[in-house]
Amino acid sequence: MSQGLVEITPDPERPAALPDVQAPQRPLPVVTARRPLRWLAAGGVLVVLAMAASALVTNPAWEWAVVGQYLFAPAVVRSVVVTLELTGLGIALGFALGTVLALMRLSANRLLSAVAWGYVWLFRSVPLILQLLFWYNLALLYPRLSVGVPFGPEFFDFGTMDLIGPLTAAVLGLSLHQAAYAAEIVRGGLLSVDRGQREAAVALGLPPARRLFRIILPQAMRTIVPNAGNEIIGLVKGTSVVYIMALPELFYQVQVIYNRNGRVMALLLVAALWYLILTSVLSLAQHYVERHYGRGRA
């Protein structure tokens, strides 16, 4: 019995198998993108910077010798310390009060929310210099302040001028003014936290204080820190407004010196250099704080 042969016909829809042969691969050439306009712009910027540096160094009107003489003068250094004290007190008290106001704004109690909104509206609307003058001249409105039962008897009183001097008035004005802006910064940071985080903390049975300080606030700090850093740097420069109270802060002390010796531009440059140093240090600190609270996000 003969065995027949079976003929297999190829499937026309199936592609033919390719030979298992690898073609030699040549490395692709790397071509650097040419950006002539970018290099032209960079060259122009370098030229402008060189011209500005040359104008600063070669112009004798800047009086760099006088700048070096007064940059670390004892009176100037003491005024820098006063500036730092005003900034520190203004930021500490301002953000402490601002945090309370932010929580009041977010409260379900309409009275608390309305009072916090009114505070923010009032102190953001009135210029800082007017607030400082108001606190400085508070004795004209209330010569004496008393302590006692509300709408009842007074226990003791004291003179307003004895209680609120120039430094106290400056700290009050800066702190209360800063609290209005700090309240909005903190409120914006708290609102940036996802609502599911709050719900999860409530579901775990965490008490309100622990939810705030352990769950919500660390996440809100990612939004709060950049804006707070801007406010702190702004307040360092904003302390120059208290010169109207004759407080020996940096700008006032520089004015006193150049009114005495007539070296106006040199002393203004001394103040500018100190403000640059202070804001640079604060910017560096802000960078590390942001990196601390930004861990895990990137």
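- As recorded in an unreviewed UniProt entry, the protein chain goes by the name Amino acid ABC transporter permease, listed as coming from Nonomuraea longicatena.
- Listed under Subcellular location (unreviewed entry) in UniProt, the entry text for the protein chain is "Cell membrane".
- As recorded by UniProt, the Sequence similarities (unreviewed entry) comment attached to the protein chain reads in full: "Belongs to the binding-protein-dependent transport system permease family."

Some points on the overall build of the protein chain
Working step 1: Across its full length, the protein chain carries twelve helices and two strands.
Working step 2: Secondary structure elements in the protein chain, listed N-terminal to C-terminal, are α-α-α-α-α-α-β-β-α-α-α-α-α-α.
Working step 3: For the protein chain, whose C-alpha radius of gyration is 33 Å, the value lies well above the compact-globule estimate of 19 Å for 298 residues.
Working step 4: Overall, the protein chain is about 135 × 65 × 30 Å in size when its C-alpha atoms are taken along their principal axes.
Working step 5: Looking at the 298 residues of the protein chain, the share that counts as buried comes to 29%.
Working step 6: When contacts within the protein chain are restricted to residue pairs at least 6 apart in sequence, those whose partners lie at least 24 apart make up 70%.
Working step 7: Per element, the accessible surface of the protein chain, about 20,500 Å² overall, is 65% carbon and sulfur.

Section: the pairing of strand E1 (residues 144-148)
Moving residue by residue along a regular strand, the side chains alternate between the two faces of the sheet.
Working step 1: Bridge count for E1 against strand E2 (residues 154-159) is five bridges, and the pairing is antiparallel. Note on E2: the bridge partner recorded for Arg144 is Gly159.

A few points about the environment of Ala285
Working step 1: Here Ala285 lies in helix H12 (residues 264-293).
Working step 2: Judged by its relative accessible area of 41%, Ala285 is partly exposed.
Working step 3: For the pair formed by Ala285 and Trp135, sequence separation is 150 residues and the distance between their alpha carbons is 32 Å.

Some remarks on the side chain of Glu249
Working step 1: Position of Glu249 relative to the elements: it lies in the loop between helix H10 (208-238) and helix H11 (250-261).
Working step 2: Here Glu249 occupies a buried position and makes no salt bridge, while the nearest side chain of opposite charge, Lys237, is found at 13 Å.
Working step 3: A polar contact of 2.8 Å, which involves the side chain of Glu249, links it to the backbone nitrogen of Tyr252.
Working step 4: The contact partners of Glu249, leaving out residues within four places of it in the chain, are Ser79, Val82, Thr83, Leu86, Thr239, Ser240, Val242, Tyr243 and Tyr275.

Concerning the nonpolar core
Working step 1: Counting 39 residues, the largest nonpolar core has Leu86, Phe95, Leu101, Tyr119, Ile224 and Val242 as the members making the most contacts within it.
Working step 2: When contributions to this core are tallied by element, the ones reaching two or more residues are helix H3 (74-105), helix H4 (110-125), helix H5 (128-136), helix H8 (166-191) and H10.
Working step 3: The element best represented in this core is H8, accounting for twelve residues.
Working step 4: Contacts of Ile224, omitting those with residues within four sequence positions, involve Ile185, Val186, Gly189 and Leu217.

Some thoughts on the UniProt feature "transmembrane region" (unreviewed entry) in the protein chain
Working step 1: As annotated by UniProt and renumbered to match this structure, "transmembrane region" (unreviewed entry) occupies residues 39-62, 82-104, 116-136 and 264-285.
Working step 2: Secondary structure content for residues 82-104 is 100% helix and 0% strand, while the C-alpha to C-alpha distance between its ends is 33 Å.
Working step 3: Across residues 264-285, the secondary structure splits into 100% helix and 0% strand, with the terminal C-alpha atoms separated by 32 Å.

Topic: a nonpolar patch on the surface
Working step 1: Together, Val147, Val149, Phe155 and Phe156 give the surface a local cluster of nonpolar side chains, amounting to about 390 Å² of exposed area.
Working step 2: Of note, Phe155 is situated in strand E2.

Regarding the packing of helix H9 (residues 195-203) against H10
Working step 1: Between H9 and H10, whose axes approach to 11 Å, the crossing angle comes to 160°. It follows from the interaxial angle that H9 and H10 lie roughly antiparallel. For the pair H9 and H10, the sense of crossing is right-handed. Contacts between H9 and H10 involve Gln197, Arg198, Ala201 and Val202 from the first element and Arg211, Ile215, Ile216 and Gln219 from the second.
Working step 2: Among the residues making up the contact of H9 with H10, the classes are represented as four nonpolar, two polar and two charged.

Some points on the side chain of Gln286
Working step 1: Position of Gln286 among the secondary structure elements: in helix H12.
Working step 2: In contact with Gln286, other than residues within four places in its own chain, are Val225, Pro226, Gly229, Asn230 and Ile233.

Section: the environment of Glu231
Working step 1: Along the polypeptide, Glu231 turns up in helix H10.
Working step 2: Between the C-alpha atom of Glu231 and that of Phe151, which follows or precedes it by 80 residues, the distance is 39 Å.
Working step 3: Residue contacts for Glu231: discarding those within four places in its chain leaves Ile91, Gln178, Tyr181 and Ile185.

Conventions adopted
Residues numbered from 1 in each chain as written. Predicted model: local features only at pLDDT ≥ 70, side-chain atom pairs only at ≥ 80, totals over all residues. Heavy atoms only, no water. UniProt positions renumbered as here; feature names shortened; annotations may be inferred. Helix = DSSP H or I, 4+ residues; strand = E, 2+ residues; numbered from the N terminus. Rg over C-alpha atoms; globule rule 2.2 N^0.38 Å. Buried < 20%, exposed > 50% of the residue type's maximum accessible area, 1.4 Å probe, protein only. Contact = heavy atoms within 4.5 Å. Areas by Shrake-Rupley, 256 points an atom, 1.4 Å probe, with all protein chains shown as cover. Pairing = 2+ DSSP bridges. Lys, Arg positive; Asp, Glu negative; His and termini not counted. Salt bridge = Lys/Arg side-chain N within 4 Å of Asp/Glu carboxyl O. Polar contact = N/O pair within 3.5 Å; in protein donor to acceptor, adjacent residues only side chain to side chain. Core = buried A, V, L, I, M, F, W, Y, C linked by side-chain atoms within 4.5 Å. Patch = residues over 30% accessible without salt bridge, like charges linked within 9 Å, V, L, I, M, F, W, Y side chains within 5 Å. Axes fitted to C-alpha atoms, helices over the stretch in contact; angles between N-to-C directions. Parallel < 35°, antiparallel > 145°, perpendicular 65-115°, else oblique. Left-handed = near helix turned anticlockwise from the far one by under 90°. Nonpolar A, V, L, I, M, F, W, Y, C, P; charged D, E, K, R; others polar.

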